[in-house]
Amino acid sequence: MRLKGFIFTADALFALSLVLLVAYVWNAVASGADPEHLKYAQMRSLGRDYLAMSAEEG
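Figured I'd write up the structure that's included with this text. (Residues numbered from 1 in each chain as written. Predicted model: local features only at pLDDT ≥ 70, side-chain atom pairs only at ≥ 80, totals over all residues. Heavy atoms only, no water.)

1. As for the overall build of the protein
When helices and strands are counted, the protein shows 3 helices and 0 strands. In summary, the protein has a C-alpha radius of gyration of 26 Å against a globular reference of 10 Å for 58 residues, an excess of more than 25%. Across its three principal directions, the C-alpha atoms of the protein cover 85 × 15 × 5 Å. Each of the 58 residues in the protein was classed as buried or not, and the buried ones make up 0%. For the protein, the centre of its 5 positive side-chain charges and the centre of its 6 negative side-chain charges are spaced 21 Å apart. (Helix = DSSP H or I, 4+ residues; strand = E, 2+ residues; numbered from the N terminus. Rg over C-alpha atoms; globule rule 2.2 N^0.38 Å. Buried < 20%, exposed > 50% of the residue type's maximum accessible area, 1.4 Å probe, protein only. Lys, Arg positive; Asp, Glu negative; His and termini not counted. Charge placed at Lys NZ, Arg CZ, Asp CG, Glu CD.)

Written as structure tokens, this is what we have:
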């Protein structure tokens, strides 16, 4: 009888670890799939600032 409880506990822990693994993978895939315009937003902003500063000097 004692082995039966261990098997159910091990099964529950295995199922929980699978659910957590799927959640982590889902989160990693979702955060890595940024649209193209968001990837270069900071670079575009810095370029505009540089051009604005260059226009003021000249």
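2. Quick word on helix α3 (residues 41-57)
With 17 residues, α3 should cover 24 Å at 1.5 Å per step; its first-to-last C-alpha distance of 25 Å lies within 8% of that length. Little of α3 is tucked away, with 0 of its 17 residues classed as buried. (Expected span 1.5 Å × (residues − 1).)

3. Remarks on a nonpolar patch on the surface
A surface patch of nonpolar side chains, amounting to about 490 Å² of accessible area, comprises Phe14, Leu18, Leu21, Val25 and Val29. Relative to the assigned elements, Val25 resides in helix α1 (residues 2-32). (Patch = residues over 30% accessible without salt bridge, like charges linked within 9 Å, V, L, I, M, F, W, Y side chains within 5 Å. Areas by Shrake-Rupley, 256 points an atom, 1.4 Å probe, with all protein chains shown as cover. Salt bridge = Lys/Arg side-chain N within 4 Å of Asp/Glu carboxyl O.)

4. Side note on the environment of Met43
Within the secondary structure layout, Met43 lies in helix α3. Assessed through its relative accessible area of 57%, Met43 is described here as exposed. Spatially, the C-alpha atoms of Met43 and Tyr24 are 29 Å apart, while their sequence positions differ by 19 residues.

5. Considering the environment of Ala30
If you trace the backbone, Ala30 turns up in helix α1. When the C-alpha positions of Ala30 and Arg48 are compared, they lie 29 Å apart, and in sequence the two are 18 residues distant.

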